[in-house]
Amino acid sequence: MKVLVLGGTAGARHLGRALGHEAMISLAGVTSKTVSTPHRTGGFGGVAGLEQALRAHGFMGVVDATHPFAAQMSRHAFAATNRVGIPLLRLARPAWPRQPDWAEVADLAGAAEVLPAGARVFLTVGGQSLAPFLDTANIWYLTRSIDPPLRVPNGVAILQRPPFDLAHEVALMKAHRITHLVSKNAGSGATCAKLAAAALCGVQVIMVKRPRLPVVLTVESVREAVKWVENLRE
Ligand code: NAP
């Protein structure tokens, strides 16, 4: 196999399908979702473990197609590929452009801090990121995740898998009398309808900015990533 694709996103799955047996997809194993193309599951054991895995398989390159908020894995990929001396490509959708009426915050704790007492919040940050919201008093949450979280904040928790359309998101916000939407800036087309729905429903958007990542060659489409892998052969 030519490349290791660090996954956990739809983009990684699509890339895996496009590359077939040229790629091994690596999954953290935190959700029930798996892939049908060649893959492995579980952490590598830090930078040293990833470096060892890259050398053992003789990969010619790595595509970091993790979620833009999986910052630790991206930093490890940067460090390990540097140590081994092989190229690293990031496959990532561009961030959603900032809207003037959004409140932007640096991290999840910052989002929890700006929520006012009495807020009815649509919390769409993923089941692994709920900790900062668990002990916030006088706030009601509609929590949406793909897999059931271990603990959820006060309110209602629903399990839904993207994509979501505008009518669905508007209906959900109206049914639960939502006042605030908390989202990570994932940039995904499959989940962006909630932003248009919030604008239509007069819901305040609290957007968590992307973490800073090492600067690497980045492409936005699976097609470009496939081309990069093809060029590794030359
Ligand atoms: P993270 O904080 O960046 O990584 C934590 C640790 O999990 C890493 O150090 C690594 O363990 C392991 N890991 C992460 N991604 C891996 C992968 N693709 N293959 C093998 N090991 C991996 O990541 P996270 O935010 O917990 O996200 C975990 C996974 O869920 C990622 O693959 C990401 O793409 C996906 N995901 C994350 C979010 C999000 O909002 N963070 C949303 C959707 C999907 P070792 O140090 O032991 O190697």
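All values reported here derive from a predicted model rather than from experimental measurement.

A.B. asks: Quick question: what am I supposed to make of the side chain of Ser 188 here?
C.D. replies: Its location among the elements puts Ser 188 in the loop between β10 (180-184) and α6 (193-201). From its side chain, Ser 188 meets the backbone nitrogen of Ala 190 in a polar contact 3.0 Å long. Apart from residues lying up to four places away in sequence, Ser 188 is in contact with Arg 93 and Trp 96.

A.B. asks: Before we go on, may I ask you to explain the sheet that holds strand β12 (residues 217-219) in this structure?
C.D. replies: Two orientations exist for strands paired in a sheet by backbone hydrogen bonds: parallel and antiparallel. Overall, parallel pairing links the six strands, which are arranged β3-β2-β1-β4-β5-β12 in an open sheet. The open sheet has two free edges, formed respectively by β3 (39-41) and β12, since each of these has just one partner strand. Averaged over all adjacent pairs, the angle separating strand axes in this sheet is 25°, with direction ignored. Inspection of the sheet shows strand β5 (residues 88-91) paired to β12 by three bridges, in the parallel sense. Bridge pairing in β12 places Leu 91 opposite Val 219. Packed on one face of the sheet, helix α1 (residues 10-19) meets β1 (3-6), β2 (23-27), β4 (61-64) and β5 and runs near 155° to β1. Strand contacts of helix α3 (residues 71-84): β1, β4 and β5, with the helix running at about 160° to β5, the strand carrying the most contacts.

A.B. asks: I keep staring at the sheet that holds strand β9 (residues 155-159) and nothing clicks. Help me out?
C.D. replies: Spatially, the six strands line up as an open sheet ordered β6-β11-β10-β7-β8-β9, and their pairing is parallel. Where the open sheet ends on each side, the last strands, each with one partner, are β6 (103-105) and β9. Shown here is a sheet whose adjacent strand axes are inclined to one another by a mean of 20°, direction ignored. One ladder, built from five bridges, connects strand β8 (residues 140-145) with β9; its direction is parallel. Among the inter-strand pairings, Arg 144 is bridged to a residue of β9, identified as Ile 158. Across the sheet, helix α5 (residues 166-175) is in contact with β7 (120-124), β8, β9 and β10; its angle to β8 comes to roughly 150°. Contacts from α6 reach β7, β8, β10 and β11 (204-208) within the one sheet, and its direction differs from that of β10 by about 160°.

A.B. asks: How do you make sense of the side chain of Ser 145 when you look at a structure like this?
C.D. replies: By the secondary structure assignment, Ser 145 is in strand β8. For Ser 145, a relative accessible area of 5% corresponds to the buried category. At 2.9 Å, the side chain of Ser 145 and the backbone oxygen of Asp 147 are in polar contact. With sequence-adjacent residues up to four places away left out, Ser 145 is seen in contact with Gly 126, Gly 127, Ile 158, Leu 159 and Gln 160.

A.B. asks: Sorry, what's going on with the packing of aromatic side chains here?
C.D. replies: Scanning all chains against the criterion turns up one aromatic pair. Relative to Tyr 141, the ring of Phe 133 lies with its centre 5.9 Å away and its plane at 75°, an arrangement referred to as edge-to-face. Taken as a pair, Phe 133 and Tyr 141 share a single burial class, namely buried. Taking NZ or CZ as reference, Arg 120 lies 4.0 Å from the ring centre of Trp 140, over its face. Between the NZ or CZ atom of Arg 144 and the centre of the ring of Phe 164, over which it lies, the distance is 3.6 Å.

Basis of the calculations
Residues numbered from 1 in each chain as written. Predicted model: local features only at pLDDT ≥ 70, side-chain atom pairs only at ≥ 80, totals over all residues. Heavy atoms only, no water. Helix = DSSP H or I, 4+ residues; strand = E, 2+ residues; numbered from the N terminus. Polar contact = N/O pair within 3.5 Å; in protein donor to acceptor, adjacent residues only side chain to side chain. Contact = heavy atoms within 4.5 Å. Pairing = 2+ DSSP bridges. Axes fitted to C-alpha atoms, helices over the stretch in contact; angles between N-to-C directions. Buried < 20%, exposed > 50% of the residue type's maximum accessible area, 1.4 Å probe, protein only. Phe/Tyr/Trp six-rings, centres within 6.5 Å; stacked < 30°, edge-to-face > 60°. Lys NZ or Arg CZ within 6 Å of the ring centre and 35° of its normal.

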